[in-house]
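Topology and contacts: notes
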Amino acid sequence: MTQPLDLQAVSAHYGTTKVLEDLSLSVQAGELVSLLGASGCGKTTTLRLIAGFLTPTTGSIQLGGRDLTRLPTHKRDIGLVFQNYALFPHLSVLDNVAFGLKQRGMTPAERRKRAMAMLERVGLAPLADRAPGALSGGQKQRVALARALVIEPPLLMFDEPLSNLDAKLRVDMRVEIRQLQRSNGTTSVYVTHDQEEAFSISDRVAIMNAGRLMQFDRPEVLYRRPANTFVARFVGFENILPFKVIARDGDMVTAETAGMTLRLSQAVYGAIPDTFLLATRPDGLVVSTDPTAEGLPAQLGLRTYLGRAYQYQCETAAGHLIANGSLTTPLEAGTNVKLVPMPEQCTILASEGGR
Amino acid sequence: MSDRPHFLLIAVAALVYLFLMLPLVIVVGAALSDTTYLTFPPQGLSLRWFENIFEISAFRRTIITSLQIALLGTLIALLIGIPAAYALNRFRIELPKWLGTLFVLPILVPEIVFGFALLKSFTVGTGAPIFLSLLIGHTLIVLPYVVRVISASLASFDFSIEEAAISLGSAPVKTFFTIVLPNVRAGVIAAFILAFITSLNDVSVSLFLTGPGISTLPIQILAHVEQFFDPTVASVSVLLMFLTVAVMAVVERTLGLTFLAK
Ligand SMILES: Nc1ncnc2c1ncn2[C@@H]1O[C@H](COP(=O)(O)OP(=O)(O)O)[C@@H](O)[C@H]1O
Ligand SMILES: [Mg+2]
């Protein structure tokens, strides 16, 4: 019952406004893929295209070899979980869950049996006769989940399913969703704007921006090796500096920015092109008071306390940078320091036009 | 400050209610009077003026006509108005200004003018039967109410509920009946009652569209008052009130109780 999903060069418009451009995305059978991006970047639009509430202007959508592009929604066999639950207010919890089975022409007895079994799995069997209005947010979302799962769809889709829940429940529910998805092996597309949520439960994450796919990979790769400045900033590489290589000596490269030089090893960073961007997280710039350290000269500005570290706003010849320093030696504003890049918290990006 | 409303507030509210109820009391009183002229307080108690309604054939006929027109007109208006309101809300159609105006036009334009326009353009123009003209006229005057009331109800309906049903395999038209309609039942009931009463009590449009042999109850009341000053008018008014209440009760019973029980 598990099938791969394939979007090929899909574009979508609302009226004359293009909201999705040339989106290609392949989700393997049984995989959970998240669409991650800021509000308005086109995540919901992508789901609505796959669900069939919207028709793409170009491109095609395939599910397990079936061409969905022109198929009406009710024939697509896709389980949907909405942010606002979208339970049927006039039906009991049990009838909500049994609704999809009824559409499949199942006998009342069989429907009841399966719906109860599904409610059992999400821990809501005792509430089967309640009205949805009498449930908490978390319970409603479980019913919605049960309702989508019980039809054993080849594809499950979630649109920000946890946004209306409080923080603690959000974490519990996402684990629960992942476990159910894993044990059923249902191919899933999960939309969220919460990076931690996406990274924690997904096999792969598609990062989107302004209707385009920016990068599609495993969370580990996105986190360590973003492909472009957008994704780099998105995953927390807050400092991005343009460099020019001025000397090469075997693996060692000397690069310059705004009169400051840095020696970097290609053994550590991989091949370094003649011009590149060095992206670092605040944790990846070590604040050193040793004047001989191999780093970027900087003057410390405002210090803030993060709990696990102090964070400094730093001024350098190349502009403003953010670095985290150790808790043991708080430094005062105005101190001259060196910012030493830590290779495991830095990455090299290709220069982008105009930057 | 206590939770109890101020006694002045209660007094004012009581006065307002009294003021609203007073005409009803007077009409009911006058209808029960044993005299041959309209008077209040009633002198002697009798039901003869109620009996008189049914002895006058014009009243018998117009009561039937009024009920038929109100019921049919309301049903037709619902048949047109519900899908219209649904489409407007579902697809968040931004109506061109003129079209939005068209929907409130029958409310804004004095009904007298509307009735006259209908007479000129329709009855005279096409020579349509009087009953049909009345039916169309009444459908048109209640339609805006239906669209408005149902729209208000649909405005608070979350259409992702409908989408959930469709995604679970329910065809769109079927979904409308099994999912959307049950959730706007309150609006449909309100629209029905409002439309029915509006139609039943309409004078100005009917005035133009009634003709030889066919009239509505309010028009017949007017005609009667021009000639007679007996309590029949009062008893007919009471009857009209009871009919209205009865219809509301029936609608509430058939559509309403299941709705309340959900
Ligand atoms: N019904 C609509 N009509 C016009 N524009 C829309 C509509 N729905 C969404 N949009 C626009 O399309 C873009 C993508 O929206 P959406 O897919 O909902 O984003 P996301 O789910 O990522 O927040 C946004 O710019 C939004 O304003
Ligand atoms: Mg969205």
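Residues numbered from 1 in each chain as written. Chains lettered and ligands numbered in written order. Predicted model: local features only at pLDDT ≥ 70, side-chain atom pairs only at ≥ 80, totals over all residues. Heavy atoms only, no water.

You'll find chain B entered in an unreviewed UniProt entry as Putative spermidine/putrescine transport system permease protein, with Microvirga lupini given as the organism. Recorded in UniProt for chain B, the comment headed Sequence similarities (unreviewed entry) runs: "Belongs to the binding-protein-dependent transport system permease family." (UniProt positions renumbered as here; feature names shortened; annotations may be inferred.)

In the annotation of an unreviewed UniProt entry, chain A is listed under the name Putative spermidine/putrescine transport system ATP-binding protein and assigned to Microvirga lupini. Per UniProt, chain A has the following entry under Sequence similarities (unreviewed entry): "Belongs to the ABC transporter superfamily."

**Details of the site of ligand 1**
Residue and element names in this part refer to chain A. The local shell around ligand 1 consists of Y14, V19, A38, S39, G40, C41, G42, K43, T44 and T45. A distance of 2.6 Å separates an oxygen atom of ligand 1 from a polar backbone atom of G40. Side-chain polar atom of T44 to an oxygen atom of ligand 1: 2.6 Å apart, as the coordinates give it. Considering ligand 1 on its own, with 560 Å² of exposed area, one finds that the protein chains cover 57% of that surface. (Near = heavy atom within 4 Å. Polar contact = N/O pair within 3.5 Å; in protein donor to acceptor, adjacent residues only side chain to side chain. Areas by Shrake-Rupley, 256 points an atom, 1.4 Å probe, with all protein chains shown as cover.)

**A look at the sheet that holds strand β9 (residues 204-209) of chain A**
All names here are of chain A. The six strands lie next to each other as β6-β7-β8-β3-β9-β10, forming an open sheet whose pairing is mixed. Every other strand in the sheet has two partners, leaving β6 (78-81) and β10 (212-217) as the edge strands with one partner each. Looking at each pair of strands side by side, their axes are set apart by 20° on average, direction ignored. Where β9 meets β10, five bridges bridge the pair, whose relative direction is antiparallel. Opposite V205, over in β10, you have D217 as the bridge partner. (Pairing = 2+ DSSP bridges. Helix = DSSP H or I, 4+ residues; strand = E, 2+ residues; numbered from the N terminus. Axes fitted to C-alpha atoms, helices over the stretch in contact; angles between N-to-C directions.)

**Observations concerning the side chain of T216(B)**
Take T216(B): it is sitting in the loop between α10 (204-209) and α11 (217-227). Taking the relative accessible area as the measure of exposure, T216(B) reaches 2% and is therefore buried. (Buried < 20%, exposed > 50% of the residue type's maximum accessible area, 1.4 Å probe, protein only.)

**Structural notes on the environment of D249(A)**
All names here are of chain A. Tracing the backbone through its elements, the reader meets D249 in strand β11 (residues 239-249). Given the relative accessible area of 54%, D249 is considered exposed. Separated by ten residues in the primary sequence, D249 and G259 place their C-alpha atoms 20 Å from one another.

**Details of the domain arrangement of chain A**
Residue and element names in this part refer to chain A. Partitioning chain A into domains gives domain 1 (5-232) and domain 2 (237-350). Contact residues are listed per partner, giving eight residues for domain 1 and nine residues for domain 2. The contact between domain 1 and domain 2 buries some 720 Å² in all, and 51% of this surface belongs to carbon and sulfur atoms. The interface formed by domain 1 and domain 2 contains zero salt bridges. Taken together, domain 1 and domain 2 are joined by five residue pairs in polar contact (both at pLDDT 80 or more). (Domains from an automatic or database assignment. Contact = heavy atoms within 4.5 Å. Buried area = accessible area lost by both parts, 1.4 Å probe. Salt bridge = Lys/Arg side-chain N within 4 Å of Asp/Glu carboxyl O.)

**A look at the side chain of E160(A)**
All names here are of chain A. When you line up the elements, E160 lands in the loop between β7 (155-159) and α5 (167-184). Classification of E160 by relative accessible area gives buried; the value is 11%. Only 3.1 Å separates the side chain of E160 from the side chain of S163, close enough to count as a polar contact. Setting aside residues up to four positions removed in sequence, E160 forms contacts with K43, Q83, V191, T192 and H193.

**So, the nonpolar core**
The nonpolar side chains of soluble globular proteins are, as a tendency, buried together. Of all hydrophobic cores here, the largest spans 124 residues; its most connected members are L5(A), M157(A), I150(B) and L154(B). When sequence neighbours within four positions are dropped, the list of residues in contact with I150(B) reads L78(B), I82(B), A85(B), G187(B), V188(B) and A191(B). One finds V253(A), I272(A), L296(A) and C314(A) within the second-largest nonpolar core, a separate group that totals 27 residues. (Core = buried A, V, L, I, M, F, W, Y, C linked by side-chain atoms within 4.5 Å.)

**Here's the deal with unusual backbone geometry**
Residue and element names in this part refer to chain A. Of note, the phi angle at Y85 is positive, near 70°, even though the residue is not glycine. Within the fold, Y85 resides in the loop between β6 and α2 (93-103). Judged by its relative accessible area of 10%, Y85 is buried. Although it is not a glycine, A86 sits at a positive phi angle of roughly 55°.

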